[in-house]
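# Inside the fold
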Amino acid sequence: LFVAGSAGLLDQLFPLPPAPQYSPLVTAADGSVLHAFLNPTQKWRMKAELTEITPALQRAIIYKEDRYFRYHFGVNPVAIVQAAGRNLFGHGRTTGASTITMQVARLLEPKERTFGNKTLEMLRAVQLEAHYSKAEILQLYLNLVPYGSNIEGVKSAALLYFQQPPDYLSLAQTVALAIIPNQPRVLVPGKNNPQILAERNHWLRRMQAAHLFPNQDIEDALTEPLDAQRHAPPTLAPHLARRLMTQFPGQPIIRSTLRRGPQAKAEDLTLNYVRRLRELGITQAAVLVVNNHTHAVEAYVGSSDFRDAAD
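Residues numbered from 1 in each chain as written. Predicted model: local features only at pLDDT ≥ 70, side-chain atom pairs only at ≥ 80, totals over all residues. Heavy atoms only, no water.

This next bit is on the layout of surface pockets. Of the pockets and cavities examined, the second largest pocket occupies roughly 360 Å³. If you trace the second largest pocket, you find 15 residues lining it, with Ser-32, Val-33, Leu-159, Pro-165 and Arg-260 closest to the centre. Its residues assigned to classes, the lining of the second largest pocket comprises 7 nonpolar, 3 polar and 5 charged. (1 Å grid on protein atoms, 1.4 Å probe; cavity = no way out; pocket = protein on both sides within 12 Å on 5 of 7 lines; lining within 4 Å. Points joined across faces, edges and corners; volume = space filled by probe spheres on them. Nonpolar A, V, L, I, M, F, W, Y, C, P; charged D, E, K, R; others polar.)

Written out as structure tokens, the structure is:
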């Protein structure tokens, strides 16, 4: 009742912030990303769906960031008192006692860190708890958390650093992505892999001591090398992707019937075919592959080379 009443008053005083602007994604029939675009603010902020947030990722994030996330109402009073004592008397490390919900409030509306803004952040957290489920708040956090440069959100980081969607990551990769947001300018995959590896293993051992995951899973993760580097975003089916993005403006995930394998093969075959026929004066080709049984388009190639500005 307290949360509901507070949220009603807060809604009148200051409405909820607008929804985040995500990077438009065009997906294949199996849900994999075919083509990704920068969002309007020139950031890679790909929306992770609830089904992509695995139990392992949830446990790792909650253990590291906010162990009482599932029990508080947006603000953890005990943590605030403990942090105030540490900060005031200098015992232990200085901390701000931010819950995951408070971090979501700050990520939605970045502000200078002052006492007044911290108070507003706590009020916003209570408001968010009244409007969204815990799963939706965790999803918002994982979609907004920074990973350095113009990369935001765990799905963007998973695809651009590991070339995998979040639900395909190993435990070692999952924990690596869980620790980077605390130091996104220092822990840069591909540049600072030794530091990330050391920090990852430190947290894996802490999770092992807390029995967060099976012991053998932790041991396997500790021996897994860190193969992370910046990759280009997926750019298959560029003609169709741009057509769909124009047709569905503002939609973060646009689902198509294309199949990744046939699409990639059709693009390669078309490019090589036109190269062989160039001597005959044939410089372009387009391909549409339709499944005769379902009538679904499975490959869509608008030209032999989308990047060829001269032709």
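As paired elements, strand β6 (residues 287-290) and strand β7 (residues 297-301) share 4 bridges and run antiparallel to each other. Note on β7: the bridge partner recorded for Val-290 is Val-297. What sits between the antiparallel neighbours β6 and β7 is a turn of 6 residues, in which His-295 has the positive phi angle 65 degrees. (Pairing = 2+ DSSP bridges. Helix = DSSP H or I, 4+ residues; strand = E, 2+ residues; numbered from the N terminus.)

With respect to the helices, strands and loops of the structure, Gly-31 is situated in the loop between β1 (25-27) and β2 (33-36). Gly-31 sits 224 residues away from Arg-255 along the chain, and the two C-alpha atoms are 7.4 Å apart.

Bringing the environment of Phe-306 into the picture now. The topology assignment puts Phe-306 in the segment after β7. Taking the C-alpha atoms as reference points, Phe-306 and His-239, separated by 67 residues in sequence, lie 7.7 Å from one another.

Moving on, we come to the pattern of salt bridges. Counted under the stated rule, the structure contains 11 salt bridges. Among the ionic pairs, Glu-49 bridges to Arg-255, the shortest N-O distance being 2.7 Å. With Glu-49 in the loop between β3 (44-45) and α2 (55-65) and Arg-255 in strand β5 (residues 253-255), the pair connects residues that are 206 residues apart, well separated along the chain. Classification of Arg-255 by relative accessible area gives exposed; the value is 54%. A salt bridge links Arg-259 to Glu-298; the shortest N-O distance between them is 3.0 Å. In this pair, Arg-259 sits in the loop between β5 and α12 (260-277) while Glu-298 sits in strand β7, placing the two residues 39 residues apart along the sequence. The partly exposed category is assigned to Arg-259, whose relative accessible area is 42%. Judged by relative accessible area, Glu-298 falls into the buried class, the value being 13%. Salt bridges here are not isolated pairs; linked through shared partners, they connect Lys-43, Arg-45 and Glu-152. (Salt bridge = Lys/Arg side-chain N within 4 Å of Asp/Glu carboxyl O. Buried < 20%, exposed > 50% of the residue type's maximum accessible area, 1.4 Å probe, protein only.)

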